[in-house]
Amino acid sequence: MPSNKRTHQQSNRATKRKTKRQNIGAKYTLYVTNLNSKIKPVKMKENLYILFSSFADVLEIHYPRKDRRGQGWIVVSSPEEAAQCIEKLDNFQMFENQIHVNLARKDANIIGELTKLESHDKEDEDED
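A quick note: this is a predicted structure, and the numbers were derived from the prediction, not measured.

Participant: I'm lost on the sheet that holds strand 1 (residues 29-33) in this one. Help?
Facilitator: The pairing of strands in a sheet comes from backbone hydrogen bonds and takes either a parallel or an antiparallel form. With respect to topology, four strands assemble into an open sheet ordered 2-3-1-6, the strand pairing being antiparallel. The two strands at the open ends of the sheet, each matched to only one other strand, are strand 2 (58-62) and strand 6 (100-103). Adjacent strand axes in the sheet meet at a mean angle of 25 degrees when their direction is disregarded. The pairing of strand 1 with strand 3 (residues 71-76) spans five bridges and is classified as antiparallel. Bridging across to strand 3, Thr 29 finds its partner in Val 75. On the sheet, helix 2 (residues 41-52) packs against strand 1, strand 2, strand 3 and strand 6 and is oriented at approximately 150 degrees with respect to strand 2.

What follows is the structure, encoded as structure tokens:
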């Protein structure tokens, strides 16, 4: 009967994967969990916008309609605003649930697009 114990090599691979995943870290995208899934998506997005815009300039809110309800992603305009949202809103009571706010694993696509536009505009200024 084979042993269920992990070998040293398998254990190292799992550790490397976990470390690699942690290094990706988002700066602008917040991952919100434990949202009340009984609330309609439109109402949830409106209320998330109202709540998070009190502490940050909200660029985008993604709240899935069917799969993964109970979690959402909020994109803010700066890392400082993201940190402030985490500080102020983690464990905040919303629709009878205590929400959890953390940085997402990676930033939303909109951040990459804005970064490209910003660098393109900077190049245009340098050429003039």
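Having seen the model, we can carry on.
Participant: What is the right way to read the pairing of strand 3 from this model?
Facilitator: The two faces of a sheet get side chains in turn, since along a regular strand they alternate between them. With five of its six residues buried, strand 3 lies for the most part within the structure. Across four bridges, strand 2 lies against strand 3 in antiparallel orientation. The partner of His 62 across the bridge, within strand 3, is Trp 73.

Participant: I'm lost on unusual backbone geometry in this one. Help?
Facilitator: With the exception of glycine, most residues fall at negative phi, and the peptide bonds are largely trans. Although it is not a glycine, Phe 95 adopts a positive phi angle of roughly 50 degrees. As for its placement among the helices and strands, Phe 95 is situated in the loop between strand 4 (93-94) and strand 5 (97-98). One non-glycine residue, Glu 96, lies in positive phi territory at about 70 degrees. With respect to the secondary-structure elements, Glu 96 resides in the loop between strand 4 and strand 5. Assessed through its relative accessible area of 72%, Glu 96 is described here as exposed.

Participant: Got a minute to help me understand helix 2 in this structure?
Facilitator: Given 3.6 residues to a turn, an α-helix orients residues that are three or four positions apart in the same direction. Its twelve residues give helix 2 an end-to-end C-alpha distance of 16 Å, which sits within 8% of 16 Å, the value for a rise of 1.5 Å per residue. Regarding helix 2, the residues found buried are Pro 41, Met 44, Leu 48, Leu 51 and Phe 52. Seen from one end, helix 2 has its buried residues packed into an arc of 90 degrees, which puts them on one side. Residues of helix 2 that are buried make contact with strand 1, strand 2, strand 3, helix 3 (79-89), strand 4 and strand 6.

Participant: Please explain the nonpolar core as it appears in this structure.
Facilitator: One broad trend across soluble globular proteins is that nonpolar side chains are buried collectively. Core analysis: the biggest nonpolar cluster contains 20 residues, and Leu 30, Leu 35, Leu 48, Phe 52 and Ile 74 have the highest contact counts within it. Mapped onto this core, the elements with two or more residues apiece are strand 1, helix 2, strand 2, strand 3 and helix 3. The greatest single-element share of this core, amounting to four residues, is contributed by helix 2. Once residues within four sequence positions are removed from consideration, Leu 30 is found in contact with Phe 52, Gly 72, Trp 73, Ile 74, Val 76, Ala 82, Cys 85, Ile 86, Val 101, Asn 102, Leu 103 and Ala 104.

Thresholds, definitions, all that
Residues numbered from 1 in each chain as written. Predicted model: local features only at pLDDT ≥ 70, side-chain atom pairs only at ≥ 80, totals over all residues. Heavy atoms only, no water. Pairing = 2+ DSSP bridges. Helix = DSSP H or I, 4+ residues; strand = E, 2+ residues; numbered from the N terminus. Axes fitted to C-alpha atoms, helices over the stretch in contact; angles between N-to-C directions. Contact = heavy atoms within 4.5 Å. Buried < 20%, exposed > 50% of the residue type's maximum accessible area, 1.4 Å probe, protein only. Expected span 1.5 Å × (residues − 1). Arc of directions from axis to C-beta. Core = buried A, V, L, I, M, F, W, Y, C linked by side-chain atoms within 4.5 Å.

These results come straight from atomic positions and should not be treated as a statement about function.
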